[in-house]
Amino acid sequence: MTDHALLLVNLGSPASTKVADVRRYLNQFLMDPYVIDLPWPVRRLLVSLILIKRPEQSAHAYASIWWDEGSPLVVLTRRLQQAMTAHWPHGPVEIAMRYGEPALPEVLERLAAQGVRKVTLAPLYPQFADSTVTTVVELARQTIAERKLALQTRILQPFYEHPDYIEALAASARPYLEQDYDHLLLSFHGLPERHLKKLDPTGNHDFQAADCCAGASAEMRAVCYRGQCLATAKAFAQKMGIADGKWSVSFQSRLGRAKWIEPYTETRLDELGKAGVKKLLVMCPAFVADCIETLEEIGMRGSEQFIEAGGKELVLVPCLNDHPEWVKVLAGMCEKA
């Protein structure tokens with residue numbers, strides 16, 4: 001049977017480090033209503049203001065981490081695709097990006113033209129957020145409907161505390177955690193608080209609770225990004241036997257002036273450096289592939305900030321990328337999806 005494709009979907013990347021390509025990418029990304037959830041005229045004005053200076057700044061950041069083969073995110077996702085082909089006997093394994101190339105609508109249309117009738121859609125995000133999972137699923141559904149594609153889709157659900165996923169995280173990070181270090185910081189991508197509030201069926205979200213959503217309903221836990229991040233971190237720390245006090249959680253990549261979920265990674269880097277932490281390990285479990293947010297924001301700028309605050313060394317633990325254990329685990333979860 002070769003009519004059932006596996007489609008791995010990641011966030012995306014500019015086509016190059018040229019300012020024009022970065023501007024085009026940022027415009028597509030920031031104009032997504034699931035990313036900046038403001039009315040269209042307000043969003044258009046805000047994004048236009050952001051695009052005055054941000055593309056040049058971001059182009060410089062992308063240039064600092066760009067590989068000979070291209071964008072690290074895209075290159076690593078392609079390596080994952082190649083490794084997954086041996087584990088998916090039902091049809092082709094393809095990749096798509098929500099923003100940039102290869103574009104999700106065009107990949108879906110190409111699969112339908114090849115005779116594929118079923119697609120297991122795998123958004124490569126362990127935790128749920130509208131700005132990651134929902135926007136991918138909705139774009140896929142919209143494309144299939146508008147282009148009248150004869151495709152049935154199955155969706156890989158968020159896997160933030162799936163035991164096999166935690167095992168894959170442990171396997172990839174173990175060589176780093178077996179070395180001497182003072183503290184482990186698990187830095188997740190941040191979100192504006194309003195993104196969580198609008199999905200909260202109870203209206204009682206507590207952004208400070210250390211056990212966020214632990215006692216909430218399944219409906220609430222399914223949409224609480226902060227609670228899922230904390231659950232991932234706790235499960236990982238327990239799996240690795242890391243003592244309380246030797247690890248903590250933070251949230252990175254803030255944009256704009258809105259209140260985002262805390263604590264902020266930049267704040268924690270300062271606090272840890274000033275508190276006498278000398279060797280700091282940082283993991284970014286919201287990402288399954290290394291990208292600008294891990295390689296540049298944490299590995300470069302974050303390292304400089306930590307050392308300026310009094311630390312000696314920041315070690316960035318690589319994302320899962322194409323680690324053999326992750327390939328095996330992802331294949332198993334997609335099979336069950």
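Rules of the game
Residues numbered from 1 in each chain as written. Predicted model: local features only at pLDDT ≥ 70, side-chain atom pairs only at ≥ 80, totals over all residues. Heavy atoms only, no water. Helix = DSSP H or I, 4+ residues; strand = E, 2+ residues; numbered from the N terminus. Buried < 20%, exposed > 50% of the residue type's maximum accessible area, 1.4 Å probe, protein only. Polar contact = N/O pair within 3.5 Å; in protein donor to acceptor, adjacent residues only side chain to side chain. Contact = heavy atoms within 4.5 Å. Phe/Tyr/Trp six-rings, centres within 6.5 Å; stacked < 30°, edge-to-face > 60°. Lys NZ or Arg CZ within 6 Å of the ring centre and 35° of its normal. Disulfide = S-S within 2.5 Å. Salt bridge = Lys/Arg side-chain N within 4 Å of Asp/Glu carboxyl O. UniProt positions renumbered as here; feature names shortened; annotations may be inferred. Pairing = 2+ DSSP bridges. Axes fitted to C-alpha atoms, helices over the stretch in contact; angles between N-to-C directions.

Draft legend 1. Region of interest: the side chain of Ser172. Counting through the fold element by element, Ser172 comes out in helix α6 (residues 163–177). Looking at Ser172, the relative accessible area reads 11%, which means it is buried. Within the structure, the side chain of Ser172 is placed 2.9 Å from the backbone oxygen of Leu169, a separation counted as a polar contact. Leave out the neighbours within four places in its chain, and Ser172 touches Leu320 and His323.

Draft legend 2. Here's a closer look at the packing of aromatic side chains. Per the stated rule, a full pass over the model turns up 7 aromatic pairs. A centroid spacing of 5.2 Å and a plane angle of 75 degrees characterise the contact between Phe159 and Tyr165, whose relative ring orientation is edge-to-face. Taking the relative accessible area as the measure of exposure, Phe159 reaches 3% and is therefore buried. Its relative accessible area of 0% is what places Tyr165 among the buried residues. Through successive ring pairs, a cluster of aromatic residues spans Tyr25, Phe29 and Tyr99. Directly above the ring of Tyr181 sits Lys246, whose terminal nitrogen or CZ lies 4.4 Å from the centroid. Over the ring of Tyr264 we find Arg254, and its NZ or CZ is 3.7 Å from the ring centre.

Draft legend 3. Expanded view of the state of the cysteines. What the rule picks out here adds up to 0 disulfides. Not part of a disulfide, Cys229 finds its nearest cysteine sulfur in Cys224, a span of 8.6 Å. Judged by relative accessible area, Cys229 falls into the buried class, the value being 0%.

Draft legend 4. Fine view of the pattern of salt bridges. Inspection of every chain in the model, using the stated rule, returns 16 salt bridges. Here Glu262 makes a salt bridge to Lys259, at a shortest N to O gap of 3.6 Å. According to the relative accessible area criterion, Glu262 is partly exposed, its value standing at 29%. When salt bridges with common partners are traced through the structure, they connect Asp37, Arg194 and Lys198 into a single cluster.

Draft legend 5. Fine view of the UniProt feature "binding site: Fe(2+)" (unreviewed entry) in the protein. Look at the UniProt record and you will see "binding site: Fe(2+)" (unreviewed entry) annotated at His189 and Glu293. Separation in sequence by 105 residues is not matched in space for these annotated residues, since their most distant C-alpha atoms are only 8.3 Å apart. Take His189: it is sitting in strand β5 (residues 183–189). Those residues within four positions of His189 in sequence are excluded, and the remaining contacts are Tyr225, Phe251, Gln252, Ser253, Trp260, Ala286, Phe287 and Glu293. Here Glu293 falls in the buried class, since its relative accessible area comes to 17%.

Draft legend 6. Expanded view of the sheet that holds β5. Taken in spatial order, the 4 strands line up as β6-β5-β7-β8 in an open sheet, and their pairing is parallel. The strands lining the two open edges of the sheet, one partner per strand, are β6 (247–252) and β8 (313–316). Ignoring strand direction, the axes of neighbouring strands in this sheet form an average angle of 30 degrees. Sheet analysis places strand β7 (residues 279–283) next to β8, joined by 4 bridges and oriented parallel. Looking at the pairing, Lys279 lines up with Glu313 of β8. Contacts between α6 and the sheet are confined to β5, β7 and β8, with β7 contributing the most and set at about 165 degrees to the helix. Packed onto the sheet, helix α10 (residues 265–274) meets β5, β6, β7 and β8 and runs at close to 165 degrees relative to β5.

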